[in-house]
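Observations on chain architecture
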Amino acid sequence: MSNEIAILGAGMHPWGKWGHNFVQYGVAAAREALADAGVPWQDVKFVSGGATIRCGYPGFVAGATFAQALGWQGAEVNTSYAACASGSQALAAARNKILSGECEVALVVGADTTPKGFLAPAGGYRPEDPDWVRFYLGITNPTYFALYARRRMDLYGDTLQDFAAVKVKNSLVGSKNPRARYRKCFTAEDVAASAMVADPLRLMDICATSDGGAALIVSSLEYARKIGKGNAPRVAAISTVTPTFASGVLEMPDIATDSAAAAGVEAHAYRSTIPLKAYEEAGIGPEDISLAEVYDLSTALELDWIEDLQLAPRGEAAALLRAGDTALGGKIPINVSGGLACFGEAVPAQALSQICELTWQLRGQAGDRQVQGAKVGITANQGLFGHGSSVIVKK
Amino acid sequence: MSSKPLVPAIEGWHTMEAKPHLIGTQCQDCGTYFFPKQSDYCRNPECESTDFCEVELSRTGKVWSYTNACYKPPAPFVAQEPFVPYAIAGVQLETEQMVILGQVIEGLTVDDLKVGMPMELVLQPLHETDDDIKVTWKWQPLAQ
Ligand SMILES: [Zn+2]
């Protein structure tokens, strides 16, 4: 298919709270991806970076920052910022460059260093800033995840035990991932003993923020064949669609949804629209998916994603979980990397880390986490301000 | 509570009467409501209107979802000492077809709430300053 590009290499700096400069993580991930691909740095003609907004000017021009750190060699650069979807948008830029024939092989890389403590908004009296408004009124990030979780309980009958079971499942498989930050196997009792943050979510239901870096080397199919890697996993689709008015779901940092009062306007749930374009572009349906890496900012959110990806009918993800179908060895394993539960969120690297995991899984190189016979994988994530993405990788 | 004057925590976002309303705007072309107020452009992709008027939003609706805050939020939130957890609800307004978030009145917990429960808007203190008491909108179960 003319829309496909090859993934020749994948690399990650382990997630953690290392306290180093983000550039160091990005360079480590890029070097690992280059070595994995067997592609010399000098041959990379496009560097596409995911921006970090927490690390000053070098973070705003991350593509150039990484290119300089790896040694200027004349490659063109790009930097993408799309919140949690930054890595996917950076990958889409590289794909465009490759499919247009302007470059054969590209590096896509994202890395982040998170500050210690809360990221509070600027002070003063600033009611024009929705982030200021919601904190002033006592609405924090966990509020939104808890609202989604509570709707699952009241509408579908999900329980606290279900949410804890997601954590137990992900921590078990994540304990086998050397790149994960949290590698302890937690029990349902551990989750139940952790402090309630925003009912029904406890501390262990909610993901942390981490340092980390992830990188991919991608190329035209022709280049892949030329270097003897014609069988490399391929990016079959990238969706970075924005929402459709009117959004009927309360989204961080807003205090209200859109109004769907106008004639001809319907309320939409953004998350479920993100994978639609990916499925259509790849010519692949939910029934073809072997595994998925989804953005489990909370345990309950993993269940929402399973339904948004149409891997279960609406309201039935918990039944899949209870049957063991979403665990390693189940019918449709979800987050066999360990997910955000084991990694913590490193925003510009996270979407790429999801694709790294799919790459290793599709090559059969995931070791103790290997999904047998994995052929097609899908990622999904959603962040602030109408940014979200879904990427399909296939053999 | 002291005898300090009651003033809105955020100026112009709600009326101050006993049965208060949130103040939004409505597009005069397509009928879309906005809260907070939007008077410069219409976000309906089918509409290019620049004509808006202020409207009082419905003061009753049904719970879309709910949670609570077990820990003190960071500034600009001003917490009581000691911090008292409070419930939070998103309430769906029928006419406006939108969900609006707010705290739930003091003394109620998540055990008192349910998706679909009828709620109404009231005013309660958010915090106190040297000069006045800042009040804001909160949701409370609709008196039957
Ligand atoms: Zn309009």
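Being a predicted model, the structure only gives us computed values, none of them experimental.

**Focus: empty space enclosed by the protein**
Once rolled over the atoms, a probe with the size of a water molecule shows which space is left empty. All names here are of chain A. Scanning all chains against the criterion turns up two cavities of 30 Å³ or more. Space inside the largest cavity adds up to approximately 100 Å³. If you go around the largest cavity, you meet 15 residues; those closest to its centre are Glu293, Ser337, Gln350, Ser353 and Gln354. Ranked by residues supplied to the lining of the largest cavity, first place goes to helix H14 (residues 347-363) with four residues. Split into classes, the residues belonging to the lining of the largest cavity amount to five nonpolar, seven polar and three charged. If you trace the second largest cavity, you find it lined by Val166, Lys167, Asn170, Met204, Asp205, Ile206, Cys207, Asp296, Ser298, Thr299 and Ala341. Of all the elements, helix H7 (residues 160-174) adds the most residues to the lining of the second largest cavity, at three residues.

**Regarding the packing of aromatic side chains**
Residue and element names in this part refer to chain A. Inspection of every chain in the model, using the stated rule, returns 11 aromatic pairs over all chains. Measuring from centroid to centroid gives 5.8 Å for Phe22 and Phe66, while their planes differ by 75°, and the two rings are edge-to-face. Of this pair, Phe22 sits in helix H1 (residues 22-37) while Phe66 sits in helix H3 (residues 62-70); the two residues are 44 residues apart in sequence, bridging distant segments of the chain. Per residue, the accessibility class of Phe22 equals that of Phe66, and both read buried. Note on Tyr125 and Trp132: the rings are 5.5 Å apart at their centroids and 80° apart in plane angle, and the pair reads as edge-to-face. Among the residues examined, Tyr125 registers a relative accessible area of 46% and is labelled partly exposed. In this structure Trp132 comes out as buried when scored by relative accessible area, which is 2%. Cluster of aromatic residues (ring-pair linked, three or more members): Tyr125, Trp132 and Tyr136. Here the basic side chain of Arg271 rests over the ring of Tyr148, its NZ or CZ set 5.5 Å away from the ring centre.

**Re the sheet that holds strand E8 (residues 234-239) of chain A**
Residue and element names in this part refer to chain A. Spatially, nine strands are ordered E3-E2-E4-E7-E1-E8-E11-E10-E9 in an open sheet, and the strand pairing comes out mixed. Across the chains shown, the open sheet's two edge strands, defined by having one partner strand only, are strand E3 (76-80) and strand E9 (291-294). Going from strand to strand, the sheet's axes swing by 20° on average, the running direction of each strand aside. Sheet strands touched by H1: strand E1 (5-16), strand E4 (105-112) and strand E7 (211-219). Its angle to E1, the strand with the most contacts, is close to 140°. Packed onto the sheet, H14 meets E1, strand E2 (46-50), E4, E7, E9, strand E10 (376-382) and strand E11 (388-394) and runs at close to 120° relative to E1.

**A look at the pattern of salt bridges**
Oppositely charged side chains are able to pair whenever their charged atoms sit close together. All names here are of chain A. Counting across every chain of the model gives 33 salt bridges over all chains. The salt bridge partner of Glu4 is Arg234, with a shortest N-O separation of 3.1 Å. Of the two residues, Glu4 sits in the segment before E1 while Arg234 sits in strand E8, which places them 230 residues apart along the sequence. Each of the two residues, Glu4 as well as Arg234, counts as buried. The salt bridge involving Arg95 is made with Glu281; its shortest N-O contact spans 2.7 Å. Note that Arg95 is positioned in helix H4 (residues 86-99) and Glu281 in helix H10 (residues 270-282), a separation of 186 residues in sequence. One connected set of salt bridges, linked through shared partners, spans Arg152, Asp158, Arg271, Asp304, Glu307, Asp308 and Arg314.

**Topic: the domain arrangement of chain B**
Residues and elements named next belong to chain B. Here the domain parsing of chain B yields domain 1 (11-57) and domain 2 (58-144). If you look at the interface, domain 1 gives 14 residues, while domain 2 gives 14 residues. A buried area of about 1,200 Å², summed over both sides, lies between domain 1 and domain 2, and 76% of it is on carbon and sulfur atoms. Three residues, Pro20, Tyr33 and Leu57, lead the burial of domain 1 against domain 2; their summed loss comes to 43% of the area buried on that side. For the pair domain 1 and domain 2, the interface holds zero salt bridges. On inspection of domain 1 and its partner domain 2, the count reaches two residue pairs in polar contact (both at pLDDT 80 or more). A class-by-class count of the residues in the side of domain 1 that touches domain 2 yields eight nonpolar, three polar and three charged.

**Quick notes on the pairing of E4(A)**
Residue and element names in this part refer to chain A. Extensive coverage of E4 is indicated by the burial of eight of its eight residues. By the alternation rule, side chains of E4 split into Val105, Leu107, Val109 and Ala111 and Ala106, Val108, Gly110 and Asp112, which are all buried. Sheet topology note: the E2/E4 ladder contains five bridges and is parallel. Bridging across to E4, Gly49 finds its partner in Val109. Where E4 lies against E7, eight bridges are found, and the strand directions are antiparallel. Within E7, the position partnered with Leu107 by the bridge is Ile217.

**Side note on H10(A)**
Residues and elements named next belong to chain A. Buried within H10 we find Tyr270, Arg271, Ser272, Thr273, Ile274, Pro275, Ala278, Tyr279 and Ala282. Elements that come into contact with the buried residues of H10 comprise helix H6 (141-156), E8, helix H11 (299-308), E10 and E11. Within two residues after H10, Gly283 carries a phi angle of roughly 65°, on the positive side.

**Thoughts on the nonpolar core**
Ile255(A), Leu311(A), Ile392(A), Phe35(B), Ile100(B), Trp137(B) and Trp139(B) are the most contacted members of the largest nonpolar core, which has 89 residues in total. Here this core gets seven residues from one element, more than from any other, and that element is H6(A). Among the domains, domain 1 (11-57) and domain 2 (58-144) of chain B are the pair contributing at least three residues each to this core. Those residues in contact with Ile100(B) that lie beyond four places of it in its chain are Ile255(A), Ala256(A), Leu22(B), Phe35(B), Leu57(B), Ala89(B), Gly90(B), Val91(B), Leu93(B), Trp137(B) and Trp139(B). Membership of the second largest hydrophobic core comes to 38 residues, among which are Trp15(A), Ala93(A), Val173(A) and Trp360(A).

**Notes on the state of the cysteines**
Cysteine pairs can be linked by a disulfide, which is a covalent bond between their two sulfur atoms. Residue and element names in this part refer to chain A. On inspection of all chains with the given rule, the structure shows zero disulfides over all chains. Unpaired in this structure, Cys55 has its nearest cysteine sulfur neighbour in Cys84, at a distance of 15 Å. Free cysteine: Cys84, not disulfide-bonded; nearest cysteine sulfur from Cys207 at 8.9 Å.

Cut-offs applied
- Residues numbered from 1 in each chain as written.
- Chains lettered and ligands numbered in written order.
- Predicted model: local features only at pLDDT ≥ 70, side-chain atom pairs only at ≥ 80, totals over all residues.
- Heavy atoms only, no water.
- 1 Å grid on protein atoms, 1.4 Å probe; cavity = no way out; pocket = protein on both sides within 12 Å on 5 of 7 lines; lining within 4 Å.
- Points joined across faces, edges and corners; volume = space filled by probe spheres on them.
- Helix = DSSP H or I, 4+ residues; strand = E, 2+ residues; numbered from the N terminus.
- Nonpolar A, V, L, I, M, F, W, Y, C, P; charged D, E, K, R; others polar.
- Phe/Tyr/Trp six-rings, centres within 6.5 Å; stacked < 30°, edge-to-face > 60°.
- Buried < 20%, exposed > 50% of the residue type's maximum accessible area, 1.4 Å probe, protein only.
- Lys NZ or Arg CZ within 6 Å of the ring centre and 35° of its normal.
- Pairing = 2+ DSSP bridges.
- Axes fitted to C-alpha atoms, helices over the stretch in contact; angles between N-to-C directions.
- Contact = heavy atoms within 4.5 Å.
- Salt bridge = Lys/Arg side-chain N within 4 Å of Asp/Glu carboxyl O.
- Domains from an automatic or database assignment.
- Buried area = accessible area lost by both parts, 1.4 Å probe.
- Polar contact = N/O pair within 3.5 Å; in protein donor to acceptor, adjacent residues only side chain to side chain.
- Core = buried A, V, L, I, M, F, W, Y, C linked by side-chain atoms within 4.5 Å.
- Disulfide = S-S within 2.5 Å.

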